[in-house]
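Now for the letters of each chain:
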Amino acid sequence: MAEVATTASLSPQPPRRQVTRWIAAFGFLAIFLGMTVAAVPWLFSTNVLRNEIIAQIRRMTGLIAISQGHAVFVVLPQPHISIDNIRFADPSGALRIDAAYLKGYLRVAALLQGRLEIASATLGEPEMVINLDGHPMPSDSAIGRAANAKSSSPQATSADEARLGVVSLVDGSARLTSSLGDGDLWIDAINVTLDWRKLGAAANLTGTARFRGQSADIAAIVDHPTDLMRGEQSALSLKVNGPALSLSAEGNLASAPKAQSTGRIFASAPSLRKLVETGGYFVELPAPFQDFALTSDASIGASGASFSNLRLQLDGNAYEGALAVMMGQAKPILSGTLATSDLSLRPFLANLSPALGRDGQWSHDAFDLDEENFADVDLRVSAARLALPGIELEDAAFSLMNQKQRLDIALIEARAYQGSVKGRASFAKTGAGLAMHGSAVFSGVDAAGVWPNSIESWKVEGALTAAGNVESTGANMSELMRNLNGHAQIALERGQIGGINLDQALRWIDTRPLGLADDIRYGGTGFDELGFSLRIAKGVAEIEDGRMRGRNLALGFGGSIDIGERALNVHATATTAGGEVKPGAERPKFSFDLAGSFDDLALIPDARSLIRQSGAAAPLFSSAPDGVKPTSSVEAH
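Residues numbered from 1 in each chain as written. Predicted model: local features only at pLDDT ≥ 70, side-chain atom pairs only at ≥ 80, totals over all residues. Heavy atoms only, no water.

- The name given to the protein in an unreviewed UniProt entry is AsmA domain-containing protein, with the source organism recorded as Methylocella tundrae.

### As for the overall build of the protein
Here is step 1: Looking only at helices and strands, the protein features 14 helices and 31 strands.
Here is step 2: Residues counted as buried form 38% of the 637 residues belonging to the protein.
Here is step 3: Taking contacts inside the protein between residues at least 6 apart in sequence as the whole, the part at least 24 apart equals 49%.
Here is step 4: Carbon and sulfur atoms form 56% of the exposed surface of the protein, whose accessible area is close to 35,500 Å². (Helix = DSSP H or I, 4+ residues; strand = E, 2+ residues; numbered from the N terminus. Buried < 20%, exposed > 50% of the residue type's maximum accessible area, 1.4 Å probe, protein only. Contact = heavy atoms within 4.5 Å. Areas by Shrake-Rupley, 256 points an atom, 1.4 Å probe, with all protein chains shown as cover.)

### Topic: the pattern of salt bridges
Here is step 1: Enumeration according to the criterion identifies 21 salt bridges in this entry.
Here is step 2: The partner of D297 in a salt bridge is R264, with the nearest N and O atoms 3.0 Å apart. Residue D297 is found in strand β14 (residues 290-301), and its partner R264 is found in strand β13 (residues 260-271); the two are separated by 33 residues along the sequence.
Here is step 3: Through salt bridges that share partners, R87, R96 and D98 make up one connected network. (Salt bridge = Lys/Arg side-chain N within 4 Å of Asp/Glu carboxyl O.)

### A short note on unusual backbone geometry
Most peptide bonds take the trans form, and the phi angle of most residues other than glycine is negative.
Here is step 1: Note that the residue after A256, namely P257, is joined by a cis bond; omega there is 0°.
Here is step 2: The phi torsion at S152 lies on the positive side, around 65°, for a residue other than glycine.
Here is step 3: Structurally, the position occupied by S152 is in the loop between α5 (142-148) and α6 (154-159).
Here is step 4: With relative accessibility at 77%, the residue S152 sits in the exposed group.
Here is step 5: Although it is not a glycine, D291 sits at a positive phi angle of roughly 55°.
Here is step 6: Assignment of secondary structure puts D291 in strand β14.
Here is step 7: Assessed through its relative accessible area of 55%, D291 is described here as exposed.

### What to know about the pairing of strand β22 (residues 419-430)
Here is step 1: Bridge analysis of strand β21 (residues 406-416) against β22 gives eight bridges, and the strand direction is antiparallel. Residue pairing for β22: L411 is matched across the bridge by G423.
Here is step 2: Relative to strand β23 (residues 433-446), β22 is paired through eleven bridges, and the arrangement is antiparallel. Looking at β23, one finds that G423 is bridged to A440.
Here is step 3: Linkage of β22 to β23, two consecutive antiparallel strands, is achieved through a turn of two residues. (Pairing = 2+ DSSP bridges.)

### As for the packing of aromatic side chains
A ring pair, where both rings are aromatic, is described by two values, the distance of the centres and the angle of the planes.
Here is step 1: Under the counting rule described, the total for this entry stands at three aromatic pairs.
Here is step 2: Where F289 meets F348, the ring centres are 6.5 Å apart and the plane angle is 80°; that geometry is what we call edge-to-face. Here F289, found in the loop between α8 (272-278) and β14, pairs with F348, found in helix α9 (residues 346-349); they are 59 residues apart in sequence, far enough to count as distant.
Here is step 3: For F348, a relative accessible area of 29% puts it in the partly exposed group.
Here is step 4: Looking at R566, its charged tip hangs above the ring of W362, at a distance of 5.5 Å from the centre. (Phe/Tyr/Trp six-rings, centres within 6.5 Å; stacked < 30°, edge-to-face > 60°. Lys NZ or Arg CZ within 6 Å of the ring centre and 35° of its normal.)

### Some points on the side chain of T573
Here is step 1: Tracing the backbone through its elements, the reader meets T573 in strand β29 (residues 567-576).
Here is step 2: A polar contact is formed between the side chain of T573 and the side chain of S591, at a distance of 3.1 Å. (Polar contact = N/O pair within 3.5 Å; in protein donor to acceptor, adjacent residues only side chain to side chain.)

### Let's talk about the confidence of the model for the protein
Here is step 1: On average, residues of the protein score 83 in pLDDT, and 84% of them are at 70 or above.
Here is step 2: With pLDDT under 50 throughout, residues 1-14 is counted as low confidence; its partners more than four residues away or in other chains account for one contact.
Here is step 3: Scored below 50 in pLDDT, residues 22-44 shows 23 contacts in the model against residues more than four places distant or in partner chains. (pLDDT = per-residue confidence, 0-100.)

### Examining the nonpolar core
Here is step 1: Core analysis: the biggest nonpolar cluster contains 45 residues, and L502 and L534 have the highest contact counts within it.
Here is step 2: Top contributing element to this core by residue count: strand β26 (residues 524-537), with five residues.
Here is step 3: Here this core spans two domains, and each of domain 2 (353-493) and domain 3 (499-614) adds at least three residues to it.
Here is step 4: Residues in contact with L534, not counting those within four places in the same chain, are G486, H487, A488, I490, A541, E542, I543 and I561.
Here is step 5: Counting residues in each nonpolar core, the second largest holds 36 residues, with A249, F289, L312 and A383 among its members. (Core = buried A, V, L, I, M, F, W, Y, C linked by side-chain atoms within 4.5 Å. Domains from an automatic or database assignment.)

### Things to note about the pairing of β26
Here is step 1: Sheet topology note: the strand β25 (residues 485-498)/β26 ladder contains twelve bridges and is antiparallel. In the sheet register, L492 faces β26, and the bridge partner there is L530.
Here is step 2: Taken together, the eight bridges between β26 and strand β27 (residues 540-549) define a ladder with antiparallel strand orientation. Paired with L534 across the strands is I543, a residue of β27.
Here is step 3: The turn joining β26 and β27, which pair antiparallel and follow one another in sequence, is formed by two residues; a positive phi near 55° is taken by K538.

### With respect to the side chain of Q56
Here is step 1: Along the chain, Q56 falls in helix α3 (residues 46-61).
Here is step 2: At a separation of 2.8 Å, a polar atom in the side chain of Q56 contacts the main-chain amide nitrogen of I118.
Here is step 3: Residue contacts for Q56: discarding those within four places in its chain leaves L116, E117 and I118.

Okay, here's the thing in structure tokens:
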């Protein structure tokens, strides 16, 4: 008994793991045999196989499939059907797909019941032609019935239960046509997967595609596609990521009465110019438009788009506000209101041709007036700091309107160098070239802040108050300056002229007149008030009523500014002011000219009068003959 018990207790038992393996092996064999038996009707009939798949695609999508290529059924490793050279088309002709092959992967449960039911499909090298104006889903298909069912009806609930699947496109291309566009759009290198397993479920699209040479990763989710087909709306998520554009959008998409998308968008691009060109718009933009970034609430439709709560970065400038883009009859219309803390206009001036030629004179290069504006513009902009070449403004507000070949710019208000500035300018294309009208008002502006940097030997300081109007027409900058007409009134208070010391000249003119030419170029001349008028005709500004008064001197001046030739010719005479003059004596007087080009002004003392002041040289000059008047200079008054 004891031995029997001992022998029985030592008998080997099959391990649990080995039993599990045997069960799995028998299960797999049973499934394989079941699929083989179920698939027998299709293993030996290519026509039956092809016709069954074609009929199923027709029931689901309404697309008619035609194929004369080879068709095979493969059981392992995953049951699928492969059909070569297949075409899909809807009866209306809105959609056509020519694919090198179709692989339809089958549901195992349906196959065991002797039915072919596609769970997913792959189209190889599909070439698609899509008419965006058409309606490619017939009403007798599962998708068509779902689209035609009334929302929240029993028919809609039933239609939404229809099973679809997963479709992958490999190395595909698409040609998009529309009666609204100027031409067809091509998309290639399409490698995407659409996961839409049930009509009432969400549809997910992921993959990559290439448009006009620019590749991008794409991910999109539509929560309720059937609601869109019924003219309602659905939540939408979209992401596009590529070298040319990064885009993320979250919101809602509505299909009726017109397609409209609303939500929050985030977009960035290294170059907005290149992005616009990728979209097929080869137009002249007013700036480089680099380093683009946008965050905004957006409403986008077929007729335009609006952006609110906007944050925009472009060319190093950052804006906040609202913008709208509407499709006009000939071109888009851009309008909006923007605010920024720091705005540089230098990028907007970068594309302009140089005002001066290589010879230092106004350029003779013709204005390019044939370029079409990229859009009609109506913008209002405010900037805490506004930087232009040679001048900076604070708390500036300006408007910009560009339409019908006319550009209007209005500086509504701005602070500048302890004062204020206002102005307007308009430019229009005419038969004679570019027509220009401008006006400006300066109030209490420190003249040193707006003094041209090109004039280094002279500098004027003081509180500037000025007003003027100009107009001109020309085919190039030289003509525009030479045809300039207008007028201006200029006044300065409590300032100084740097580069000439007239006080010293008047003190020393009696004792060392011949040494003044060099001595007076150091220091400056202070004044209490300075004023003159400009009357501009044909590019030449005549200086009228020129006067300056200081505590110890008075100055009268006149002459002309040849704007067309960029030259100055001013005659001036300074005398002492205040104090008593002995009977029969004259006040000290110093006359000089300020002449030369804008880039090389020269102070030229009146040598004849200085020599007369020298006692040793005075006898060399005799009185003027009778009837001959001496050359007059502008006297102080």
